[in-house]
Amino acid sequence: MKSFYYITAICYLSPAFFGLCTSQEFSSDYICSNNQGSQVSDRFTQNLHFLLTSLSSQISSEKFYYSSYGGGQDRVYGLALCRYDMDPFMCRRCLQFATNTILLECSQTTHGILWREASCLIHYEADDFFGSLDGSKPFIFRSSEPDDNSLAIYHLIPELIFNASKDLHRFARKLLSGPNYSKYGVAQCTQDISSNNCSLCLENLQKEYQKCCKGLSWWHILATSCSLMYDNTNYFSSSAESPAQDTPNGSRNRSNLRNPGRITGYNPPPLSNTPPISDPGKHSEHNWANKRVPLKMLWIVIVCIMGPLVVFGLVGSYTYCSWRRRRQRKGENVSQQALLKAMGLIGRSETLSKEIVDKEDKITGVDLPLIDSATIEAATNDFSDSNKLGEGGYGPVYKGILPDGREIAVKRLSRSSGQGLTEFKNEVVLIAKLQHRNLVRLLYCCMEREEKILVYEFMANTSLDVYLFDPTKSCKLDWGRRLVIVKGIARGLLYLHEDSRLKIIHRDLKASNVLLDHEMNPKISDFGMARIFEGTQNQANTNRVVGTFGYMAPEYAMEGLFSVKSDVYSFGVLLLEILSGRRNTGFYRSKQALSLLEFAWQLWCEDRGLELIDPLISDPYSITEALRCIQIGLLCVQQDAADRPTMSSVVLMLGSSSFQLPQPSQPAFSVGRGAIELCQSSSSQDTCSANQVTVTRMEPR
């Protein structure tokens, strides 16, 4: 910790060290254009902004995401891609930078492509381009230094092309090494194109290599559908934080030679509204590359300039550390009760009791046992990585064992968390008031100095998404178990909406927020975003839209308007996911169905609803029961909130086969033309009827 303060002080006090302590900014190459005869409307621009700003948060472990947003002529199709071996945090950071740049430069065009470094890609169009091979001229970065391994590269590139085209993630990487020599070859395609198209795209880049980069020490050729790279450093997992270092054979810092060897097929204009990126390589190119500076003189300059700055930095950092230690010792005797009082949660005795009034939200009489941080540290083995269960927007979650033998789950608020004190207090007070078999139970709360910790009952089977979307685990969710989970979630929401002393809107219901106990019973968790309604209040409006794209009701995502029907919409999405075993976000099926909701609606209108059911369900189930569940899911995700049923009606529909179900209307965000025409042409009430038949399928898995 002391060394951290020393380095921090030196970075602030020494301009010569500043480049070592701040992250290198990414460079961007992009193209913006309009389709012939097309015009950009305000609605298209709004849809584009909403879609692109969601890409970085929706990118999964696959490092690839494709989706669309809007309807009609204003619909936008977007794709996000990161290097598959890139660190997830740096992937999201790279996409955030790329999104800001492309929105700044291309928001008034119907077509935009942006590569940020060789790390991530943003691509959007007004037309559906999923699965299509883009033949545009690539961006090219290259060195001016020669390379003596042309023969090795000659054999390397075909191998990379073959491996990437056959790989599930369309990615391949290989290391070439020798004495004082280490180079990496990388090939990658977007995951929406076929194996043949991937091979064809990379072969075109191989031809570009023959023209532009043969015999050079490093090069990056970046197309819209694929990329081919050869470099001396495996830097991509941390490229946004530190540039590649010089190697023993005299190879260069990648950022220093980025500009001298850079050419691009698009020749994009400079970012007029972006501050220029400081590039030490430019200085090196014009002054140091062609001049020899005596080594002795160089050392004299370094000692004379850096010596005093280092001494001054060390003295300053020592002073700062001493002051911080005195301040910490002074606050060691501050009790949890005093900290709770400072936060607005008044501690009394050994329980938490507070009346919170936040505009229209009121809660009274909250009692929750407190626990000290020393007990939690002992229970989690000092927050050991081996005890870590996962990490969400709140922070890391650890497994622990209390002295009495009880297993617990410990949520520790991260200092870099997007959630803050408001969400922390909200969850403490809400869960302490709520008691239901389908809601997770909060056991303890801890707030000592900078620690903010919540302790829950331990869920042995983690969260629903871990089983539902993993082909190796989803087979454990047979038809009967899935129905139990669906009904349990419905009862938990009904309790929040109608049966508890408070009317609570969860606002972030999704598969990862449904936990499973040792008997696979569902429990709704994560109430940091929940809101409370008073008396006869039915809906509210907010300027701060929170939740997860793909589960948010359209009136909430677009206008900030939320109600119990917002949770009903999220439940409908989750119900269709449980039935199909597929995610709604990042769903890939066909050009006519770009989301799970559209796909379900299309099958329903074509009287092929059973094709939605997860093929991994091998046990027999009733066709009537399956179609009834699909119909309930479609009723919950209807465009108009007034048409959606309440959770009390949903529970009744799920529990009684005699309850007559109305015909659903088109789901929100569903604009598939084929599905709409089919439903409009069918006026019969029996279009989606079901027979009382039990299906048993004996198929290999």
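Residues numbered from 1 in each chain as written. Predicted model: local features only at pLDDT ≥ 70, side-chain atom pairs only at ≥ 80, totals over all residues. Heavy atoms only, no water.

K.L.:
Go over the overall build of the chain, please, and point to the residues and values.
P.N.:
Helix and strand counts for the chain stand at 19 helices and 28 strands. Counting all 701 residues of the chain, 51% fall into the buried class. Sequence separation of 24 or more characterises 67% of the internal contacts of the chain that already satisfy a separation of 6 or more. Approximately 33,600 Å² of the chain is accessible, and the part contributed by carbon and sulfur atoms is 51%. (Helix = DSSP H or I, 4+ residues; strand = E, 2+ residues; numbered from the N terminus. Buried < 20%, exposed > 50% of the residue type's maximum accessible area, 1.4 Å probe, protein only. Contact = heavy atoms within 4.5 Å. Areas by Shrake-Rupley, 256 points an atom, 1.4 Å probe, with all protein chains shown as cover.)

K.L.:
Summarise the sheet that holds strand β17 (residues 396-401); cite the residues concerned and give the values.
P.N.:
In space, the five strands of this open sheet follow the order β16-β17-β18-β20-β19, with antiparallel pairing throughout. Edge strands, defined here as strands with exactly one partner in the open sheet, are β16 (388-391) and β19 (442-448). The average undirected angle you get between the axes of adjacent strands in this sheet is 25°. Examined bridge by bridge, β17 and strand β18 (residues 407-412) share five bridges and lie antiparallel to one another. The residue bridging Y398 from the neighbouring strand is V410, located in β18. (Pairing = 2+ DSSP bridges. Axes fitted to C-alpha atoms, helices over the stretch in contact; angles between N-to-C directions.)

K.L.:
An account of the packing of aromatic side chains is needed here, citing residue identities and associated values.
P.N.:
If you walk through the whole model with that rule in mind, you get nine aromatic pairs. Plain terms: the ring middles of Y209 and W219 are 4.8 Å apart, the flat faces sit at 40° to each other, and that makes the pair tilted. Here W219 lies in strand β9 (residues 219-222) and Y209 lies in helix α6 (residues 195-212), a separation of ten residues in the sequence. Here Y209 matches W219 in class, with each residue buried. Through a chain of ring-to-ring contacts, three or more aromatic side chains come together here, namely Y66, F129 and F130. (Phe/Tyr/Trp six-rings, centres within 6.5 Å; stacked < 30°, edge-to-face > 60°.)

K.L.:
Which residues make up the pairing of strand β2 (residues 64-69), and what are the values?
P.N.:
The element β2 is largely enclosed, with a buried count of six among its six residues. Here β2 shows no split at all, with F64, Y66 and S68 on one side and Y65, S67 and Y69 on the other all buried. The pairing of β2 with strand β3 (residues 76-82) spans six bridges and is classified as antiparallel. Its bridge partner lying in β3, Y65 is registered against A80. In this structure, the hairpin formed by β2 and β3 is closed by a connection of six residues, where G70 is found at a positive phi of approximately 100°.

K.L.:
Tell me about the state of the cysteines, and name the residues and values.
P.N.:
All told, the structure shown has six disulfides when counted by the stated rule. Covalent S-S linkage joins C82 and C91, the inter-sulfur distance amounting to 2.1 Å. Handedness here is read from the sign of the S-S torsion; for C82 and C91, about 90°, the answer is right-handed. Residue C94 pairs covalently with C120 via a disulfide, S to S 2.0 Å. When the S-S torsion is -80°, as for the bridge of C94 with C120, the disulfide is left-handed. Placement of the pair is C94 in helix α4 (residues 88-106) and C120 in strand β5 (residues 120-125), with a sequence separation of 26 residues. You can call C94 buried: its relative accessible area is 0%. Free of any disulfide, C445 has its nearest cysteine sulfur in C446, 7.1 Å distant. When its relative accessible area of 0% is taken as the criterion, C445 is described as buried. (Disulfide = S-S within 2.5 Å.)

K.L.:
Can you lay out the nonpolar core for me, pointing to particular residues and giving the numbers?
P.N.:
One finds L464, I489 and F571 to be the most contacted residues of the largest nonpolar core, which totals 68 residues. At ten residues, helix α13 (residues 479-499) tops the list of elements feeding residues into this core. Ignoring anything within four residues of it in the chain, the contact list for I489 reads L464, L509, V514, P522, I524, F571, L574 and I578. (Core = buried A, V, L, I, M, F, W, Y, C linked by side-chain atoms within 4.5 Å.)

K.L.:
Can you tell me about the packing of helix α16 (residues 596-605) against helix α17 (residues 623-636), naming the residues and giving the values?
P.N.:
In contact at an axis separation of 11 Å, α16 and α17 are set at 125° when each is read in the N-to-C sense. As far as their axial angle goes, α17 and α16 are oblique. The two elements α16 and α17 meet at a crossing, and its hand is left-handed. On α17, the residues that touch A600, W601 and W604 of α16 are L627, I630, Q631 and L634. Residue composition of the contact of α16 with α17, by class: six nonpolar, one polar and no charged. (Parallel < 35°, antiparallel > 145°, perpendicular 65-115°, else oblique. Left-handed = near helix turned anticlockwise from the far one by under 90°. Nonpolar A, V, L, I, M, F, W, Y, C, P; charged D, E, K, R; others polar.)

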